[in-house]
Structures are given as structure tokens and as C-alpha cells.
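# Results of the structural survey
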Amino acid sequence: MHSAVLLILSLVGVFVVQRLLGLRKTARMSARRVSASHLSGPRYLISPSSLLGNILPPIPRIVLDRNWSLNAKHQDFAKAGRDAFALITAWPRPQAVIFLADAAAIKEVTTSRARFPKPVEQYRLLMSFGRNIVASEGEEWKRYRKVAAPAFSERNNKLVWDETVRIMADLFDNVWENKAEVVVDHCLDITLPIALFVIGVAGFGRRISWAEDLVIPPGHQISFKDALHFVSTHVFLWLAVPSWAMGATATTRKVRLAFNELNQYMMEMINTRRNAEKKEERYDLFSSLLDASQGELDGDAAMTDRELVGNIFIFLLAGHEVQERLHQQIEEVMSRLGRLPTYEDMSLFPYSMAVFNETLRLLCRGIKVVGVPKRSAEDTTLTVTNHDGGKTTFPVPTGTEVYLHVPGIHYNPRYWEDPQAFKPERFLGDWPRDAFLPFSQGARACIGRRFFETEGIAIMTMLVSRYKIELKDEPQFAGETYEQRFARLTAHQQGVTTITTPMLSDNFFCLFMGD
């Protein structure tokens with residue numbers, strides 16, 4: 001019996017070794033095709049973009065840390081000596097993936113949609129509730145964009161500004177009660193509700209107050225906000241665990257509940273609007289989606305309920321010196337205005353926009369803005385700049401995956417002087433717009449960019465006009481350096497949207513101090 005077990009284990013071992021050797025040989029062949037022009041890069045067994053690569057801890061030469069691109073920033077390009085490198089992996093299939101941090105090459109990729117289409121299968125995480133504008137390409141994407149585009153007009157941007165100002169005033173007056181000092185346990189306690197309130201009214205015609213957000217509606221077990229947040233941060237678990245096993249643990253049961261609750265909330269929104277006795281003329285995103293689901297847009301095929309829910313889900317996701325200068329400018333402008341700022345006043349706050357952009361450059365978090373995937377539809381070539389000033393042209397065979405490495409280009413010293421430093425002033429004059437990709441680039445750039453910018457500037461302007469923002473001193477972090485504090489406060493957990501959150505302390509506070 002003992003001999004039989006040894007024999008079986010030996011046979012299994014031989015099979016595994018032969019399989020690994022076969023994968024290694026195939027991976028080398030794949031690597032040679034891409035690296036014929038000396039496009040070097042790291043070699044790993046398991047692809048970091050695979051499901052297994054997102055589950056396993058980092059193992060040298062086996063699998064990378066799942067946040068490797070965020071942590072490495074421009075380091076891999078510095079090692080390669082040029083603004084491109086190839087990551088070679090053998091599982092789940094041998095492949096060489098090209099990463100770019102060269103502005104000219106990235107612009108060529110994003111403007112050549114026929115040569116470099118979007119690999120939509122990589123966006124299956126975002127198809128949990130149905131097909132949608134992000135996880136689509138070609139004619140299907142054009143159809144979704146045609147439906148959504150009218151909702152991102154200047155008229156709606158003005159609504160975004162006005163509603164954000166109203167929401168912030170409601171926060172100051174009715175939640176914080178105009179206190180001189182406010183302590184917030186977690187920044188998400190503020191930012192997540194604000195984001196949902198704004199998209200609720202500007203996108204779906206649904207106005208929610210801070211008081212209403214605390215109430216769980218009849219027929220539900222968790223709030224809309226909590227359901228959306230839990231879904232966005234646990235979507236990998238939803239995909240990895242089969243439906244029959246979702247009741248196995250407390251976490252999987254909560255994931256199942258959150259998905260079911262969010263689906264119920266979205267269907268209720270749809271049915272309420274469809275069955276309303278009084279049909280109001282609306283111009284929000286939800287109205288455009290509903291019209292499309294009823295075949296009322298220029299004769300296009302009606303959007304199915306599954307597509308409708310899928311697109312609703314997508315759009316739902318969707319230092320002291322600096323603060324002193326920001327506060328000074330905002331106070332100066334608002335005292336001159338003598339009233340709350342309007343959307344038309346947004347251009348009067350250039351430093352707010354500079355702080356906003358510099359934050360996006362440094363903290364390029366989230367699936368959409370860490371690596372933007374493309375795939376070569378034909379045998380072609382790309383040219384990048386070497387760090388000695390020369391050029392390298394390399395082949396890109398058909399089917400090769402090409403990633404626009406956003407942290408790499410955002411920390412590229414060729415475009416950004418002292419890239420590790422937080423310097424909003426760099427956005428006040430001329431700056432390299434082709435090297436700034438928080439919303440991607442080209443025709444497939446984020447359709448809601450202006451919506452997001454408008455909301456962000458309104459929040460920042462209102463908040464800094466009333467309060468100074470400080471971190472509360474905590475004994476366990478006494479003696480912490482600036483670099484250590486920055487790393488702790490920008491630690492993150494992975495999900496559909498990577499959530500920047502202080503993971504190392506359960507007692508993290510944001511301290512808002514009024515003048």
C-alpha cells in the first residue's frame with residue numbers, strides 16, 4: 001500500500017514538473033516574440049491579473065503582489081532603462097504583457113482603436129449585474145454611449161455643483177450642527193454618502209438627505225449605501241465562490257445579501273419610475289437609460305432589463321501648507337462673492353483644481369486607473385523613449401495585451417519633476433496633459449470626468465471654506481515619519497474600485513476644525 005502511494009505521488013510529481021517545463025518553454029517562445037528588440041521585464045509563473053494571482057500572497061518568481069504596479073510605480077521602467085517593459089507569465093496561459101509609461105506611445109494606442117481595442121472579457125467583474133458601457137466595445141459600446149452621453153451635459157454639470165453645495169450645507173447645518181470641531185472616525189463615512197447623494201439626484205433624480213440615509217427602507221436588511229460599498233469591495237469573492245457555497249461563511253453570506261439587496265434596490269428604482277402616474281420631463285442619466293429600455297431612442301433596439309441594471313450599477317460605482325494656501329484662496333474668492341459659489345464660479349478656484357489633479361496623479365487608485373488594458377488586433381510596432389534619450393521600436397504581435405501603466409507614467413521623472421512630492425503648483429501652469437491618465441485617454445476616456453471633477457471641487461471648496469482638516473494625534477503612531485504616515489493613510493483594499501482607507505488603525509480620525 002505504501003509503495004502504491006509513493007508511485008502515485010511520483011507520477012503526479014512527474015506530471016507537474018513536465019507541465020511546468022512545458023509552460024516555461026511556451027512562455028519563453030511568447031517572450032521572444034515580444035522581446036526581439038530587447039524589451040526586458042520580470043518573469044513570473046502566475047499572471048497577476050488571473051483569479052489565482054489575486055488570491056495568492058506574493059511568492060518570488062511565482063506570483064507578484066496583487067498591488068505590485070501601484071507599489072512599484074516607475075521602478076520597473078527604471079530597471080528596464082526605457083518606458084516599456086514586458087511581464088512574462090506562464091499561467092493560466094503563456095503570455096508576454098507589455099506595459100507602457102511613454103506618453104507618445106500611450107497616445108498612439110488610445111487613438112488607434114482599431115489596432116488596439118479593449119479586451120472586454122477582462123471586465124467581467126463589472127458584468128455581475130449585466131452588460132454595460134464599460135464592459136463593451138464596438139457597436140455595443142457606441143449604443144450604450146449614445147444613451148448615456150446626453151446626461152453628462154453642462155446642464156447636468158451645473159446640477160451636480162448645485163446639489164453638492166446643498167449636500168455639504170446640509171452636512172454642516174444638520175449633521176455637524178455648525179460645531180467648531182468635528183471628529184470623523186473614517187473618511188468614507190463622509191465621502192461615500194456624498195458620492196451616492198450626488199449621483200442619486202443628478203443621475204437618477206432621487207434626492208436623499210443625511211437623515212434619510214440612516215434609515216433602512218421596509219423590505220430591506222441593509223442600506224443602499226452599505227450594499228453598494230460591500231459589493232464594490234467584495235466582487236472578487238462573488239466571482240470566486242460558486243453560488244451553492246455562498247452560505248458557507250459569515251462573509252460569503254453577507255456578500256450574497258449585499259448583491260441581492262443592491263439588485264433589489266435597482267429594480268425598485270426602475271419600477272418606481274416606470275409606474276409613476278405623472279411622467280415628468282427629465283434629462284438625467286436614469287431617464288435616458290429607461291427610454292432606451294423602452295425602445296424610445298431613434299429606433300435603436302430596446303435595452304433589456306439586464307442591460308439596464310448593468311449600466312445603473314456601473315454609473316453608481318462610478319500637507320498643512322497646501323491646505324493653508326487652498327483655504328486662503330477659497331476664503332478670498334467667497335468673501336468677494338458674498339454668497340455660496342455657483343457652477344459658473346468654478347473657474348475662480350484654480351488652486352482647488354490643482355490640488356484635485358495632484359491628488360489624482362499621486363493616488364491613481366482603482367482598477368480603471370491602475371492599468372488600462374488594450375489588445376493588439378494586428379501585427380504592429382510601438383516606439384518608446386529610452387532613459388538615455390534614445391528610442392526603442394519593438395514588435396507587438398496580434399493578440400498581445402498592452403497595458404497603459406498609470407502609476408508608471410504618473411511617477412515618470414521625464415514628465416513630472418520630483419514625482420514623489422505633492423506639488424499642486426505643477427498644475428497651475430503648462431503641464432504634460434498626455435502624461436495624466438486618471439480618466440484614461442482617447443475615445444474610451446471616462447464619460448463622467450467633468451461630473452467627477454465638478455463634484456470633487458465643490459466638496460473641497462465647501463469643506464475647506466469652513467474647516468481646517470487635520471489628523472488626530474494617536475499614541476500608537478507617535479514618532480511616525482511623513483513617509484510612514486503617507487503609506488498608512490493611503491493603504492487600500494482591492495475591489496471593483498480600490499478603496500483608499502487607513503487599514504492599520506481601527507482608531508483613525510479625521511479632525512475638522514472650524515476657523
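Refer to the preceding data block for the structure.
Residues numbered from 1 in each chain as written. Predicted model: local features only at pLDDT ≥ 70, side-chain atom pairs only at ≥ 80, totals over all residues. Heavy atoms only, no water.

The subject of this paragraph is the overall build of the protein chain. If you tally the helices and strands in the protein chain, you get 20 helices and 12 strands. In the protein chain, which comprises 515 residues, the proportion classed as buried is 49%. Counting every atom, the protein chain has about 24800 Å² of accessible surface; 56% of that belongs to carbon and sulfur. (Helix = DSSP H or I, 4+ residues; strand = E, 2+ residues; numbered from the N terminus. Buried < 20%, exposed > 50% of the residue type's maximum accessible area, 1.4 Å probe, protein only. Areas by Shrake-Rupley, 256 points an atom, 1.4 Å probe, with all protein chains shown as cover.)

Running from N to C, helix H8 (residues 188-204) and helix H10 (residues 224-233) cross one another at 105°; their axes reach a closest spacing of 11 Å. What the angle tells us is that H8 and H10 run roughly perpendicular. Residues Leu-188, Leu-192, Pro-193 and Leu-196 of H8 form the contact with H10, whose participating residues are Phe-224, Lys-225, Leu-228 and His-229. Residue composition of the contact of H8 with H10, by class: six nonpolar, one polar and one charged. (Axes fitted to C-alpha atoms, helices over the stretch in contact; angles between N-to-C directions. Parallel < 35°, antiparallel > 145°, perpendicular 65-115°, else oblique. Contact = heavy atoms within 4.5 Å. Nonpolar A, V, L, I, M, F, W, Y, C, P; charged D, E, K, R; others polar.)

On to the sheet that holds strand E3 (residues 95-100). Spatially, E1-E2-E3-E8-E5 is the arrangement adopted by the five strands of the open sheet, whose pairing is mixed. At either margin of the open sheet sits one strand with a lone partner, and together these are strand E1 (43-46) and strand E5 (371-375). Across the sheet, the mean angle from the axis of one strand to that of its neighbour is 30°, orientation sign disregarded. Sheet topology note: the E5/strand E8 (residues 401-405) ladder contains five bridges and is antiparallel. Opposite Gly-371, over in E8, you have His-405 as the bridge partner. (Pairing = 2+ DSSP bridges.)

On to the environment of Val-464, then. Note that Val-464 resides in helix H19 (residues 449-466). Sequence separation of Val-464 and Ser-352 is 112 residues, and the distance between their C-alpha atoms is 9.7 Å.

With that settled, the discussion passes to the pattern of salt bridges. Taken as a whole, this structure holds 19 salt bridges when the rule is applied. Glu-453 is the partner of Arg-450 in a salt bridge, and the nearest nitrogen-oxygen pair spans 3.9 Å. Here Arg-450 pairs with Glu-453, and both are found in helix H19, just three residues apart, close to one helical turn. Since its relative accessible area comes to 7%, Glu-453 is described here as buried. (Salt bridge = Lys/Arg side-chain N within 4 Å of Asp/Glu carboxyl O.)

Further remarks concern the environment of Ser-153. With respect to the helices and strands, Ser-153 occurs in the loop between helix H6 (138-148) and helix H7 (154-175). A sequence separation of 131 residues divides Ser-153 from Asp-284, and the C-alpha atoms of the two residues are 9.5 Å apart. Within polar-contact distance, the side chain of Ser-153 engages the backbone oxygen of Pro-150 at 3.5 Å. (Polar contact = N/O pair within 3.5 Å; in protein donor to acceptor, adjacent residues only side chain to side chain.)

Within an α-helix, residues lying three or four positions from one another point in the same direction, as the helix has 3.6 residues per turn. Given a rise of 1.5 Å per residue, 18 residues ought to cover 26 Å, and the 26 Å separating the end C-alpha atoms of H19 matches this to within 8%. Looking only at H19, the buried set comprises Phe-451, Glu-453, Thr-454, Glu-455, Gly-456, Ile-457, Ala-458, Met-460, Thr-461, Met-462, Leu-463 and Val-464. (Expected span 1.5 Å × (residues − 1).)

Below, the discussion takes up the side chain of Glu-455. You can see Glu-455 is positioned in helix H19. With residues near it in sequence (within four places) discarded, Glu-455 still touches Val-160, Thr-164, Ile-194, Ala-195 and Val-198.

Core analysis: the biggest nonpolar cluster contains 121 residues, and Leu-100, Trp-176, Phe-204, Leu-262, Ile-312 and Phe-394 have the highest contact counts within it. If one sorts the elements of this core by residue count, H8 sits on top with nine residues. When near neighbours in sequence (up to four residues on either side) are disregarded, Ile-312 contacts Phe-204, Met-266, Ile-270, Phe-286 and Leu-289. (Core = buried A, V, L, I, M, F, W, Y, C linked by side-chain atoms within 4.5 Å.)

Omega for the bond connecting Trp-91 with Pro-92 falls within 30 degrees of zero, at 10°, which places this linkage in the cis form. Looking at the secondary structure, you find Pro-92 in the loop between strand E2 (84-91) and E3. The phi dihedral of Lys-73 is positive, around 55°, even though this residue is not glycine. Tracing the sequence through the fold places Lys-73 in the loop between helix H3 (68-72) and helix H4 (75-80). Even without being a glycine, Ser-440 presents a positive backbone phi close to 65°. The exposure class assigned to Ser-440 is buried, which follows from its relative accessible area of 7%.

Glancing now at the side chain of His-405. As for its placement among the helices and strands, His-405 is situated in strand E8. By relative accessible area, which is 1% here, His-405 ends up buried. A polar contact of 2.8 Å, which involves the side chain of His-405, links it to the backbone nitrogen of Gly-408.

With that settled, consider the packing of aromatic side chains. Note on aromatic pairs: each is described by the distance of the centres and the angle between the planes. Scanning the model with the defined rule gives 17 aromatic pairs in all. Between the aromatic rings of Phe-85 and Phe-99, the centroid separation amounts to 5.2 Å while the plane-to-plane angle is 15°, which identifies the pairing as stacked. Taken together, the positions of Phe-85 in strand E2 and Phe-99 in strand E3 put the pair 14 residues apart, joining distant regions of the chain. With respect to class, Phe-85 is no different from Phe-99; both count as buried. Geometrically, the ring pair formed by Trp-416 and Phe-427 is tilted, given 5.5 Å between the ring centres and 40° between the ring planes. Taken as a pair, Trp-416 in the loop between helix H18 (406-410) and H19 and Phe-427 in the loop between H18 and H19 lie far apart in primary sequence, 11 residues in all. Since its relative accessible area comes to 1%, Trp-416 is described here as buried. (Phe/Tyr/Trp six-rings, centres within 6.5 Å; stacked < 30°, edge-to-face > 60°.)

Geometry only, nothing functional implied.
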